[in-house]
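Architecture at a glance
Listed below, chain by chain, are the residues.
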Amino acid sequence: MTLAVVAPLAGSANATVVAPPTARDGRLTQVGPIAEIGFPSWYRDSTGLRLEPCTTMEDPLCAVLPDEVPNPDLPVSYPDNFPGEFFYQLADATLTLTDGTKAVIGLNVEGAWANGAVIDGDQMVFGRVRIRFAAAAGRRFRITHPYGIDDLTADDKGVRMTEDVGTVPGAFGGVLNGRVGPFLRWDPAVAPAAPAGYTGDPGVDHKVVGSPYDTNFVRIEELDPRTGAVLGQVGFTDTFSIQGRYASNAGVDVDQATFTTGADGNGVVEVYATSEPGQAVEIAANPALGIRATRLNGQNGHYYGRFALTGPLPAGATVDIVNASDRPVARKTRKLIDVVQVTKAAYDADAHTLTVAATSSDQDAAPGVLSVTGYGPITGQPFTNVLAPPVTVTVTSSSGGTATASLLGSGAVLGPEPPVAAATADATAVVGQTVQLDGTGSTGEVDSYRWTQTAGPEVIVTGGTTASASFVAPSPGTYAFTLTLTGPGGQQTSEPVTVTVVAAAKPVAEAGPDRTIQRGKAVTLDGSASSGVETYSWKQVSGPAVTLAGASAAKPAFTFPAQALPASPGPNASFVYDNDPVVFELTVTNPNGTATDRVTIRPQAETFPGGVTVRYRTGNNEWRISGTSSLLAGQRITAVLGDTLTGRVIGTSPVDAAGAFSIRVTGPAPGTVRTISVVTTVGGRQLAVPVTVTN
């Protein structure tokens, strides 16, 4: 079982994160400034401990593996000779179980590259919990470790669980949401003490502290696979191999670097930066801007500097901000941008105009152009035909600056929509039938309804002041009615609706034509072609059970159910394949009798043009199953060992937009079975597909 996830494993059949009995006390809390290599300079935990990345080969207490570096004979350098992975924390526990099996548990904070190659922008840092040991398939274990409890069931490969949290490139705060943290370090109460500047010596197993649950150990218990009862402890250790180096550098982040210039090009540069408190954060000398190396003012980890700018600002001008306290010195380059301030952001609801005014600190001979995002350059004139403005406006400058402001509206308030009457009725009816008058399709704000008869023998209108009314026709003839609506926006009367009433006769049921529908799709039945109807009643006669919405309406609806797939891991002796059509019966009534009619909804057939190709490799216990479906429906397909669909499940795959599918999984071993069967959620099925077995 190998799982790589970015969330707790709850919901997986074979791996579940169990809530520890005590509340969590501590975690990773802060991401340090981004270093020149594109990774955080450090991570801080809730105890205040900061660890920096181990990215060199020279330090045996904080080294990368030589095979992670393209050329291990050369010093590590970015990006040409940089490791594919490295660690802020590397914590492993190795223990021997009672049956002699070796178990390894890794609890790491790891830096790596999203696609394996060293490419700027692909940097990511994640927290990893990894548990691996050999065990017979079906055995169940509970593993308690410093960062929680996992309930795992072995498969054909034993117990092989990996949980990674934070695997989004550039989203370095994602690791803070994982289970790893606070950092583990050697227990200071147990000799020997950790080497100065390090959380421990990875070459020496040692007791540790740092668990947020005070479980500074690994305990493996075997559980009853069915009940979860503890059968006994099969392994325990309270010593770990620990690698981690306390951060000696603080780094620096430049939050903003701006310029203000006058018509002569002279002005000032302002820099806002952050780092650890008490750092020597400086602006580097920049002869092109007339700036000498100068220390920024600092307070509580925030740093600010204001520097004279002499002469016209060169295009694309940048400044370098350094942390001179670091060794090597941390350096960040930031392009200078102007400061934009929105002085007016107003919307006139009557004129439908948006007025925006703004200023820029770029006031030299060729100032930057200011524009409103989504509307265009600011010209001094309002933007017109704006029916629905955004809640805020953003002004950008061609010199790089940007500012956002909230809108202030003015003008008349909106009123309710006037009522618009929409009246309908049964077109025909028979004497003695209850005829429905329907005004529910009316729109606008309605306070009252009034139905008025305008033609035909006089009748009593039931519900004449509601949206839905009715009457019973006493004799043949043409009856007409209007619907008058009253609301805060006025009054409106509909055109007359007419009902032709004929002499008494039995109703005629018409359930509509038979159809073929793709499974999983919504279906609307249509009995509106029936005549002389007072009531409708639909019922399912046969086929896969469905839920019919509106069974007493002329046009009820249902969803043709998808074919259920065999449950993993199987076998599934009670699995039922049901691709029969769904048959409905419509019964219509009026005072003179009833009538019925049936309609059949068939599932659209699915085939596999070219067949299904199946290969099993004994050397690595790998299945490769592929083919193409005749339906492009976004369905899923499951493969099962054997000539029927009741055997052990091999795997499940989606069918892509081109109709292709591919199942490539490890296990289960087929033994002597040399066929598989497949089934899809839209009803496709192929039994006894031959298996090609290779090494």
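You'll find the structure just up there.
Structure report, in brief. Here the structure is a predicted model, which is why all the values come from computation and not from measurement.

Before going further, it helps to examine the environment of I37. Residue placement: I37 occurs in the loop between β2 (28-31) and β3 (43-45). Each C-alpha atom of the pair I37 and D120 lies 8.4 Å from the other, and the pair is 83 residues apart in sequence. Other than its neighbours up to four places away in sequence, I37 contacts Y78, F82, W113 and Q123.

Right, let's get into the nonpolar core. Of all hydrophobic cores here, the largest spans 47 residues; its most connected members are F39, F133 and I220. Secondary-structure elements contributing two or more residues to this core are β5 (85-96), β6 (102-113), β7 (123-133), β8 (140-145), β10 (159-165) and β13 (218-223). With sequence-adjacent residues up to four places away left out, F133 is seen in contact with L97, T101, K102, A103, F141, I143, G158, V159 and I220. Listed in part, the 20 residues of the second largest apolar core include F259, A273, V281 and Y303.

Burial of β13 is extensive: 5 of the 6 residues sit out of reach of the surface. With 5 bridges joining them, β8 and β13 adopt antiparallel strand pairing. Within the sheet, the bridge partner assigned to R140 lies in β13 and is L223. Looking at chain direction, β13 and strand β14 (residues 230-237) are connected through 6 bridges and run antiparallel. Bridge pairing in β14 places E222 opposite G232. Between the antiparallel neighbours β13 and β14 lie 6 residues, among them G228 with a positive phi of about 80°.

Here the focus is the state of the cysteines. The full count for this structure, using the stated rule, is 1 disulfide. A sulfur-sulfur distance of 1.6 Å marks the disulfide that ties C54 to C62. One quick way to see it: the torsion about the S-S bond of C54 and C62 is about -95°, and its sign makes the bridge left-handed. Summarising the burial analysis for this pair, C54 and C62 share the class buried.

Moving on, we come to the environment of G170. One can find G170 in the loop between β10 and β11 (185-186). Classification of G170 by relative accessible area gives partly exposed; the value is 46%. Measuring from C-alpha to C-alpha, the distance between G170 and A114 comes to 9.7 Å, with 56 residues separating the pair along the chain.

To continue, consider the sheet that holds strand β54 (residues 692-694). One open sheet accounts for 4 strands, arranged β51-β48-β47-β54; its pairing is mixed. Every other strand in the sheet has two partners, leaving β51 (660-666) and β54 as the edge strands with one partner each. Between one strand axis and the next, the sheet turns through 15° on average, direction left out of account. Bridging between strand β48 (residues 622-628) and β51 involves 7 bridges; their strand directions are antiparallel. Opposite R624, over in β51, you have R664 as the bridge partner.

All right, on to the sheet that holds strand β19 (residues 281-283) then. Whenever strands of a sheet pair, they do so through backbone hydrogen bonds, lying parallel or antiparallel. Strands sit in the order β20-β19-β23-β24 across an open sheet of 4 strands; the sheet is antiparallel. Looking at the sheet topology across the chains shown, the edges are occupied by β20 (294-295) and β24 (330-335). Two elements, β19 and strand β23 (residues 318-323), share 3 bridges in a ladder whose sense is antiparallel. Counted as the bridge partner of V281 is N323 from β23.

A separate point is the pattern of salt bridges. Evaluated as defined, the whole model comprises 24 salt bridges. Salt-bridge contacts for R140 lead to D151; the nearest nitrogen and oxygen are separated by 2.7 Å. Here R140, found in strand β8, pairs with D151, found in strand β9 (residues 148-153); they are 11 residues apart in sequence, far enough to count as distant. Each of the two residues, R140 as well as D151, counts as buried. Among the charged side chains, a network of salt bridges with common partners joins R617, E622, R624 and R664.

Under the criterion given, the structure shown has 19 aromatic pairs. Geometrically, the ring pair formed by F82 and W113 is edge-to-face, given 6.1 Å between the ring centres and 90° between the ring planes. Taken together, the positions of F82 in the loop between β4 (50-52) and β5 and W113 in strand β6 put the pair 31 residues apart, joining distant regions of the chain. Both residues of the pair, F82 and W113, count as buried. Ring pairing ties together the aromatic residues F39, Y43, Y78, F82, F86, Y88, W113 and F172, which thus form one cluster.

Once that is clear, we can look at the side chain of D187. Within the secondary structure, D187 sits in the loop between β11 and β12 (208-209). Comment: no salt bridge for buried D187; closest opposite-charge side chain is K207, at 6.8 Å. There is a polar contact of 2.9 Å between the side chain of D187 and the backbone nitrogen of A189.

Analysis parameters
Residues numbered from 1 in each chain as written. Predicted model: local features only at pLDDT ≥ 70, side-chain atom pairs only at ≥ 80, totals over all residues. Heavy atoms only, no water. Helix = DSSP H or I, 4+ residues; strand = E, 2+ residues; numbered from the N terminus. Contact = heavy atoms within 4.5 Å. Core = buried A, V, L, I, M, F, W, Y, C linked by side-chain atoms within 4.5 Å. Buried < 20%, exposed > 50% of the residue type's maximum accessible area, 1.4 Å probe, protein only. Pairing = 2+ DSSP bridges. Disulfide = S-S within 2.5 Å. Axes fitted to C-alpha atoms, helices over the stretch in contact; angles between N-to-C directions. Salt bridge = Lys/Arg side-chain N within 4 Å of Asp/Glu carboxyl O. Phe/Tyr/Trp six-rings, centres within 6.5 Å; stacked < 30°, edge-to-face > 60°. Lys, Arg positive; Asp, Glu negative; His and termini not counted. Polar contact = N/O pair within 3.5 Å; in protein donor to acceptor, adjacent residues only side chain to side chain.

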